[in-house]
Structures are given as structure tokens and as C-alpha cells.
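Examining the three-dimensional arrangement
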Amino acid sequence: MNDMIIAAAQLRCAAGDIENNIQRHLQTAEQAALHNVDFLLFPELSLTGYEPQLADQLAITLQDPRLAGLRESAIKHQMTLVCGAPLRSSDADALYIGAIVFAPDGTLYSYTKQHLHGTEAAIFTAGQGGPLLQVQQHQIGLAICADILSDSHPQHAADCGATLYAAGVLISKKSYPLESAMLQRYAEKHRMVVMLANHCAPTGGWEPAGQSAIWDEAGRLIVVASTSDDALAIARKSDAGWLGEVQRLTLTA
């Protein structure tokens, strides 16, 4: 993976304000492009904040015209973006916790969360996941939060050929030690790079832990962000091994 630069974004998300959050995502992508990032992962439900009680009225489809700017950003920077949002099925019969993939060729597709947590099941439908992403010649398996709690989820990604496992999450301060250790073990067990993109400010009544992070194929921590800064956790492979850096984001929206 020595020809790809990856980044986990953590940022404050305005509750229910899709337009404002899109602007923050666009600014994040612009700043990631300065570091030649090829793959940029955002937290769970990043376009709306983690607001399950608002999800029905906020739900979008891949045809939503407000997504045009993110699509154009992916094309402009030749960067794959993965953004979180509540997704409405095409027949409007189901509501999913989803991740929208914006590919550099302009295509959009989605991943839907398979393992719901707690009260989510009263609001959302369990999703079907999605295909591996191809970024350059690398295969990426996506996950959304509680997906990572099932050992079979990263196992399936690895069995399908994933070399990178990318999880957009909302992990609380209380749960972070356990769940980050779980991701570290997945990296070591499956010989995959593992990414965690977390929220860094209160959302939906939760106190997120921040600390977005990336582990290498041996389970070694490459980089971890702070608990509360808008930031990029960036990793790149060099001849000397993995190099990580944290870049604070400057967001004006």
C-alpha cells in the first residue's frame, strides 16, 4: 500500500444541518488534498450528526442535489470520500444508517450498516453492507460503528480480499478503550490496515472520544488524533514503513 495516502477525518457535526455539514466536509476534503490524500473517511452519520430521532426527516437518497458539491470535490481532487448519512431506500420503505461513497470518476454508491445498536433498531432497518471499494489497486472493506462488534464482519472483508478495513463510528469515551483494542486485534489477525474515524464533539446525547486512528497490518498504531480537535489522522507508506501525522483542520462553516 506504498502508493496510497489515507486519512480519517474527525470533525464537529451540526445537529440536523446538512448544508452546514456539507460545507465542513468540503473544507476537510480541500485540506486533505493538500496532503495528497487518496482515501478520506468520515464518522458515522457525519452529514447530519448522530441524531436518530431526526433521521426520518433528514433522510436522503443518492439523488439528493445537495450532494453535488461532494461529488465534484471527489472528481477535482481524485479522492475517494466516504461520508455518513441516514439513507432512504428508493421505494421509501426503509431507512438505513448509511455511508455514501463518492468516487473520483463521479460515481456514487452506498454501504448500509448491518449491525444496529440499542435503540437504533426501532428507527432503522438493518442494511446489507456493500461491495469492497477499489482505490487504486487496493480493496477496502467499509464498516459503520456496531458492525465492528461482530467478529464475522472484518473476517468477511478479509476473506473477500480487503487490505484495508475502514470504520466510520460514534464511539463514546467509555467504550473507546475496548473498541479501539478490538480494531487493533483485527488489524493484526487479518493483516489489514484498519482505520477509525470518530466524532470529537457531543452529538445525539453522546460524548464521543475522538481519537480517530489508523493501525498497520501488524496491529501497530500509526497515528491517533486528539480527543476534541477537528483533525485529520493521516497515514502514508514509505520505504521505511508507515508514517503518520495529525493535521488540525481549520473549518469556518
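We now turn to the structure provided with this report. (Residues numbered from 1 in each chain as written. Predicted model: local features only at pLDDT ≥ 70, side-chain atom pairs only at ≥ 80, totals over all residues. Heavy atoms only, no water.)

A word on the sheet that holds strand 12 (residues 231-238)
Spelled out, the test is: What makes two strands pair is DSSP finding at least two bridges between them. Numbering goes from the N terminus for both helices and strands, where a helix is a DSSP run of H or I of at least four residues and a strand is a run of E of at least two. Structural elements are reduced to axes, namely lines fitted to C-alpha atoms, with helices fitted over the stretch in contact, and the angle between N-to-C directions of any two is expressed from 0 to 180 degrees. Contact between two residues is taken to exist if any of their heavy atoms lie within 4.5 Å; hydrogens are not considered.
Spatially, seven strands are ordered 5-4-3-2-1-12-13 in an open sheet, and the strand pairing comes out mixed. On the outer flanks of this sheet lie strand 5 (108-112) and strand 13 (241-248), each paired with one strand and no other. Pairwise comparison of adjacent strand axes, ignoring direction, gives a mean angle of 25 degrees for this sheet. Pairing geometry for strand 1 (residues 5-10) and strand 12, over six bridges, is antiparallel. Note that in strand 12 the partner of A9 across the bridge is L232. Lying over the sheet, helix 3 (residues 68-77) contacts strand 3 (80-88), strand 4 (95-102) and strand 5, oriented at roughly 160 degrees with respect to strand 3.

Notes on the sheet that holds strand 9 (residues 193-197)
Spatially, 6-7-8-9-10-11 is the arrangement adopted by the six strands of the open sheet, whose pairing is mixed. Across the chains shown, the open sheet's two edge strands, defined by having one partner strand only, are strand 6 (133-135) and strand 11 (221-224). Between one strand and the next, the sheet's axes are offset by a mean angle of 20 degrees, whatever the strand orientation. Strand direction decides the pairing type here: strand 9 and strand 10 (residues 213-215), joined by three bridges, are antiparallel. Bridging from a neighbouring strand, M195 pairs with I214 of strand 10.

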